[in-house]
Amino acid sequence: MTTLTKTEDTPPPTGPEGFLSVRDLSVRFATEDGVVKAVDGLSFDVERGRTLGIVGESGSGKSVTNLTILGLHNPHSTTIDGEIVFDGKELITATERELEQLRGNRIAMIFQDPLTAMSPYYTVGRQIAEPFRKHTGASKQEAWNRAVEMLGKVGIPNPAQRAKDYPHQFSGGMRQRAMIAMALVCDPDLLIADEPTTALDVTVQAQILDLLKDLQQEFGSAIVFITHDLGVIADVADDIMVMYAGSAVERGSTDQVLRAPRHPYTWGLLNSMPRLDSDLSAALAPIPGTPPSLLNPPSGCRFHPRCTFQDRVGGNRCVTERPLLGADRSSACHLTTEQKRSIFIEEIRPRLG
Amino acid sequence: MLQFIIRRTVGAAVTLFLIGAATFFLFVAGPSDYASLACGKDCSAARLEEIREVLGLNQPVAQQFWDFMSGIVMGRDFPTGHCSAPCLGQSFYSGDLVWDTIMDRFPLTVSLTIGAALVFLIVGLGTGMLAAFRRGSHVDKVATGASMVLSSFQIYFLGPIALMVLVYGTGLMEDPKYVPFTEDPFGWLIGLSIPMVVMATIFTAQYTRMARSSLIEQLAEDHVRTARAKGMSQKYVFFRYAWRGSLIPIVTILGIDLSSLLGGAVVTELTFSLQGIGRLAVDGAVNKDLPLTMGVMLVGAFMILVLNILVDIAYAWIDPRVRLS
Amino acid sequence: MKEDLVLPAPRESAAGGPGEPLLVAEGLTKHFPVKGGFPIRRTVGHVQAVDGIDLTVHSGESFGLVGESGCGKSTTGRLITRLLEPTGGKILYKGQDITHAKRKGLAPIRSEIQMIFQDPYSSLNPRQTVGKIISGPMEINGIDPAGGREKRVRELLEIVGLNPEHYNRFPHEFSGGQRQRIGVARALALEPKLIVADEPVSALDVSIQAQVVNLLQKVQKELGIAFLFIAHDLAVVRHFSQRVAVMYLGKVIEVGDRDSIYTRPRHPYTHALLSAVPEVTLTDEEGGTRERIRLAGDVPSPINPPSGCRFRTRCWKAQDKCASEVPPLVRIDGNRDGHLTACHFPEEPTIEARGQDVVLDPALAALEKPDKD
């Protein structure tokens, strides 16, 4: 299986920053128990035609980040700082109207559970045609025809008929295909896929992942792919960002992050995940402890309470000083680059089999 | 869908039959001593025997039951005259046919119910929607607060206040009275406006809260978020996506409320001295007028069943998952 | 808390083979009636959730059951623990027929077969303390361990890696992984011989999953408890199970030792399933590339499953015979002992990439066509 490379016909990135640039993003929710720091100082870029995989466990802030890009957070209880720049346009300060012009048109989103993510009250065709009508000004009939065409493209057999069905009449895999059709109907420049295959069976997941990759070749969209599954990310992403407790801890190309990871959390994920070819004589080595509460995150490095390597960093820097993540290939950890390299090769890699 | 309606109608007919049977065996064949109640206080043995004869109480129970049930469907003949279908018997107290008495009172009850329902649906749902749409705003706080206060009021409290202020105090309006709509629509509205509004006020509070919470719940649904992610405007999403789903609990409660109101709004009628079904039920109970009580009860049960079917049809109309499963 | 325990993976099953058959299912069947029709509602069909499966779990062995949603694996688990009444077939526990045993007959067996559920949130009573939850089964079965129930509960908490001091806490005070440990402790309270674990880790985060898998492995090995491990995650099942059965639409389509199923599968569905698992490949050269098989559509409805071989509607090798004859689950040529496959036209026993990808999905086929030539 080949990972996607940039297609020839996509234009080069516009300027030094990415097509989508997130800078120092912080998202805080006010709750009854206090302020939840869901995202804290996050920066990343996505280039045209490329796929950025964001991997993290529940509560890592990966989904919140992407709702924020589209302005879909609850405005009453959420405080946002930082910048989100999409194709030269700042989104955090954008008006609701400006965001509506972008949503579903230039930035589209696919959600995890296609059963709840589609309205039970309207036909699949109508739900796909709706954004097309709104954003292109097409007539009802044109939009419907476009919906049928898109359903055919994502592999719904007999699309003219099935467009008249309601979501509950579709199977799980079909519904996710319809969601993809809905997201791609206006040919968006950026597609945000939030755990799009988590609710699906493995054979259907494989179909959907390949479909997304093939459609990206055709549409040339940039994709932000959010998942907790390292296998899925390895399959679809060009670049990977690993998130833990509201911030990014490691980033790099897919090969770099998965084959030469530099952060203890990434090591922990790889070590705790059984693979089809892993050596059965080696045990799974889980990450000790549990993810921290974001109401009161740990001081210094947020991973330090679960990290088994902090004694190799001098003093108690891990507890007091927050490690920063660089711009390109980097990891937010106080270990030296040489330490990271040698620990992975000598202690982590052999366990992986 | 047609199948569904037919099945529900058949079910309702069976239920109605069972209720009819239950009332018959409780009241007529049961331990209530129907004849002596019919006879009244100063009753001679001869008179009692005569009543038994007239009402057919000397017949075997099965025969009596058949007469009772077939009377409802086809009408029946008493020695005192014909009682056409649906025959619910003759009042002990006034001697009038129960069905005629109920039909006489029914227009008032229907008027009150429909009038009040229109007001509380428009005002209540409207306010609830506004509160949900502008959640957390001053509008929302005022609406939530007001509905909290109003819903703790009762008709027998608000009613006399309204009467005192509008009728006895300022003389702006006359005592509530019923004028048939067909005779004088304006008079109908004016005559019943005070009880309608008082009744509606209390229901409005309840429907405001229900619409608000139901809409807020819907607005948090995944599919509503998807619609927003497609770039649909807030208003569009609110009215096309959230509103539809929020109708289901509202329709459910509305069905229950309407059927109980159509069965007679006792407190309202007594408060405003109106002669509706509720008053009739009270009269029946106070006078131990068994045929009247049974009649009101059967009509009330019929209303509940009819509205239940209507609610189910509304579900199917709102939600294709119901319609197509 | 002993969160950091690292355990060796279980040994490959010893040469002498696994222990005595502990639980045997023969032709086990569960059909759920479907109501409908007009004007009188009646049974108009059956969901054939489990349709005549044969399984044997030996004492002390870990047996994995994999398959996608709707394949009947969870129903099988519930039939074996007798939470559901079988429609047909037989369940033998230590040679004793418990297929239709009533409350009384089941009582001694209930304590020996325990279950661990998927959702650690809903499978614990929120109004009971942990101590009460874990001692519940002992109370019901009237078991009084030496030193008292409380002492035993504290021991169990320690075994599953929880602090014994947490005896009086309530489930909501624990994280998901810890709750699943409570579930394990409850299952262990009666010293069972067989634990049926239905997706025990799939609701947990990756890093927590490994903790629970290790715990289950420790329990299985050190206490010699047989496991029926039901999961959809092929990698987790491979890690945990000595023998594995693959289910599809209510049937076992392939069963065998771990190595046979994962590296020498014969059934096309097993091939498709393995090829669909997204994997992190750590190096380029390692073992060559895996085959790529992309099926079309979803699993058909179990109400009206395809005739003959149930996989035939999605199979690239299907012929007329597959529609007319149900393939028996037998050892076919080239299979090792105990490796049974239900297929008329089995695949080569390898998972290496083949000359041509098998792409049945019409959308993928259409999109990929131009690239191919």
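Residues numbered from 1 in each chain as written. Chains lettered and ligands numbered in written order. Predicted model: local features only at pLDDT ≥ 70, side-chain atom pairs only at ≥ 80, totals over all residues.

- In the annotation of an unreviewed UniProt entry, chain A is listed under the name ABC transporter ATP-binding protein and assigned to Streptomyces rochei.
- We quote the UniProt Subcellular location (unreviewed entry) comment for chain A here in full: "Cell membrane".
- Turning to chain A, the UniProt annotation filed under Sequence similarities (unreviewed entry) states: "Belongs to the ABC transporter superfamily." (UniProt positions renumbered as here; feature names shortened; annotations may be inferred.)

1. Overview of the overall build of chain A
- On a plain count of helices and strands, chain A comes out with 13 helices and eleven strands.
- In summary, chain A has a C-alpha radius of gyration of 21 Å against a globular reference of 20 Å for 353 residues, a match within 12%.
- Expressed as lengths along the three principal axes of its C-alpha atoms, the size of chain A is roughly 70 × 45 × 45 Å.
- Relative to its full complement of 353 residues, chain A shows a buried share of 55%. (Helix = DSSP H or I, 4+ residues; strand = E, 2+ residues; numbered from the N terminus. Rg over C-alpha atoms; globule rule 2.2 N^0.38 Å. Buried ≥ 20, exposed ≤ 12 C-beta atoms within 10 Å, placed from the backbone.)

2. Topic: the overall build of chain C
- Tallying secondary structure elements over chain C gives eleven helices and 13 strands in all.
- C-alpha extents for chain C along the principal axes are approximately 70 × 60 × 45 Å.
- Within chain C, buried positions represent 46% of all 373 residues.
- The contacts of chain C with a sequence gap of at least 6 include a subset with a gap of at least 24, amounting to 69%. (Contact = placed C-beta atoms within 7 Å.)

3. Digging into the interface of chain B and chain A
- With 20 residues of chain B in contact, the opposing surface of chain A contributes 25 residues.
- Of all elements in the fold, only helix H9 (222-229), helix H10 (234-262) and helix H14 (320-323) of chain B reach the threshold of two or more residues within the side of chain B that touches chain A.
- Ranked by the residues each element gives to the side of chain B that touches chain A, the list is headed by H9(B), at seven residues.
- Residue classes in the side of chain B that touches chain A are distributed as six nonpolar, six polar and eight charged. (Nonpolar A, V, L, I, M, F, W, Y, C, P; charged D, E, K, R; others polar.)

4. Details of the UniProt feature "domain: ABC transporter" (unreviewed entry) in chain A
- Using the residue numbers shown here, the UniProt feature "domain: ABC transporter" (unreviewed entry) corresponds to residues 22-270 of chain A.
- Secondary structure across residues 22-270 of chain A comprises 41% helix and 27% strand; the distance between its end C-alpha atoms is 27 Å.

5. Topic: helix H4 (residues 124-136) of chain A
Residues and elements named next belong to chain A.
- The end-to-end C-alpha distance of H4, which contains 13 residues, comes to 19 Å, matching closely the 18 Å that a straight helix rising 1.5 Å per residue would cover.
- Burial analysis of H4 places ten of its 13 residues in the buried class, which makes it a mostly covered element.
- Summarising the contacts, the buried residues of H4 are in contact with helix H5 (140-153), helix H6 (159-162) and helix H7 (172-184).
- Just beyond H4, the residue with positive phi is Gly-137, at close to 70°. (Expected span 1.5 Å × (residues − 1).)

6. Details of the sheet that holds strand E8 (residues 222-227) of chain A
Residue and element names in this part refer to chain A.
- Read from one edge to the other, the open sheet built from seven strands follows the order E6-E7-E8-E3-E9-E10-E11, with strand pairing classed as mixed. Of all the strands in the sheet, the pair left with one neighbour each is strand E6 (107-110) and strand E11 (330-331).
- In the sheet, E6 pairs with strand E7 (residues 190-194) via four bridges, with the strands oriented parallel. Looking at the pairing, Ile-107 lines up with Leu-190 of E7. (Pairing = 2+ DSSP bridges.)

7. Focus on the nonpolar core
- Within the largest apolar cluster, 203 residues are counted, with the highest numbers of intra-cluster contacts made by Ala147(A) and Ala178(A).
- Residues within four places of Ala178(A) in sequence aside, it is in contact with Met118(A), Val124(A), Ile128(A), Leu151(A), Ile156(A) and Phe170(A).
- Listed in part, the 67 residues of the second largest apolar core include Leu215(B), Phe238(B), Leu274(B) and Val299(B). (Core = buried A, V, L, I, M, F, W, Y, C linked by C-beta atoms within 7 Å.)

8. As for the sheet that holds strand E4 (residues 78-86) of chain A
Residues and elements named next belong to chain A.
- Sheet architecture is open: four strands sit in the order E2-E1-E4-E5, paired in antiparallel fashion. Either end of the sheet is taken by a strand with one partner, and the two such strands are strand E2 (34-46) and strand E5 (89-90).
- Judged from the nine bridges that link them, strand E1 (residues 20-31) and E2 form a sheet pairing that is antiparallel. Of the residues in E2, the one forming a bridge with Ala-30 is Val-35.

9. Considerations on the confidence of the model for chain C
Residues and elements named next belong to chain C.
- Overall, the prediction assigns chain C a mean pLDDT of 87, with 92% of residues at 70 or greater.
- Scored below 50 in pLDDT, residues 1-17 shows 30 contacts in the model against residues more than four places distant or in partner chains.
- Reported confidence for the predicted complex is 0.87 by ipTM and 0.86 by pTM. (pLDDT = per-residue confidence, 0-100.)

10. Observations regarding helix H4 (residues 149-159) of chain C
Residue and element names in this part refer to chain C.
- Three or more residues of H4 are buried, namely Arg-152, Val-153, Arg-154, Leu-156 and Leu-157.
- Those residues of H4 hidden inside the fold are in contact with helix H3 (130-140) and helix H5 (176-188).
- Following H4 by one or two positions, Gly-161 has its phi on the positive side, about 85°.

11. Thoughts on the interface of chain C and chain A
- In this assembly, 49 residues from chain C lie in contact with 52 residues from chain A.
- The set of elements that each furnish at least two residues to the side of chain C that touches chain A consists of helix H6 (206-223), helix H7 (234-240), helix H9 (268-276) and helix H11 (362-372) of chain C.
- In terms of residues, the side of chain C that touches chain A owes the most to one element, H6(C), which gives eight residues.
- Grouping the constituent residues of the side of chain C that touches chain A by class yields 25 nonpolar, 13 polar and eleven charged.

12. Quick notes on the domain arrangement of chain C
All names here are of chain C.
- What the domain assignment reports for chain C is domain 1 (21-35 + 45-241) and domain 2 (264-339 + 347-372).
- Contact with domain 1, which involves eleven residues of that partner, is made by eight residues of domain 2.
- Every element with two or more residues in the side of domain 1 that touches domain 2 is listed here: strand E2 (42-58) and H7. (Domains from an automatic or database assignment.)

13. Regarding the pairing of strand E6 (residues 113-116) of chain C
All names here are of chain C.
- Residues Ile-113 and Met-115 point to one face of E6 and Gln-114 and Ile-116 to the other, with burial holding for every one of them.
- Relative to strand E7 (residues 194-198), E6 runs parallel, the two being bridged by four bridges. Directly across from Ile-113, in E7, lies its bridge partner Leu-194.

14. Some details on the pairing of E1(A)
All names here are of chain A.
- As judged from the eight bridges shared by E1 and E4, these two strands associate in the antiparallel manner. Across the sheet, residue Leu-20 finds its bridge partner in E4, namely Phe-86.
- Taking the residues that link successive antiparallel strands as the turn, the E1-E2 hairpin has two residues.

15. So, the environment of Tyr262(C)
- Residue position: Tyr262(C) is located in helix H8 (residues 258-263).
- The class for Tyr262(C) is buried, based on 20 C-beta atoms found within 10 Å.
- Distance from Tyr262(C) to Gly88(C), taken between C-alpha atoms, is 31 Å for residues 174 residues apart in sequence.
- Once residues lying within four places of it in the same chain are set aside, the contact partners of Tyr262(C) are Leu276(A), Arg238(C) and Leu274(C).

16. Considering the domain arrangement of chain A
- Domain annotation for chain A reports domain 1 (118-185) and domain 2 (260-352).
- Here domain 1 of chain A and domain 2 of chain A have C-alpha centroids that lie 44 Å from each other.

17. So, the confidence of the model for chain A
- Mean pLDDT for chain A: 89, with 95% of residues reaching 70 or above.
- Considering only residues more than four positions removed or in separate chains, one finds that residues 1-16 of chain A, a stretch of pLDDT under 50, has 24 contacts.

18. Regarding the packing of helix H12 (residues 277-286) of chain B against helix H13 (residues 290-318) of chain B
Residue and element names in this part refer to chain B.
- At a closest axis distance of 8 Å, the pairing of H12 and H13 adopts a crossing angle of 145°. Between H12 and H13 the crossing geometry is left-handed. Two secondary-structure elements touch here, H12 through Ile-277, Leu-280, Ala-281, Asp-283, Gly-284 and Ala-285 and H13 through Leu-292, Thr-293 and Val-296.
- For the contact of H12 with H13, the residue count by class is six nonpolar, two polar and one charged. (Axes fitted to C-alpha atoms, helices over the stretch in contact; angles between N-to-C directions. Left-handed = near helix turned anticlockwise from the far one by under 90°.)

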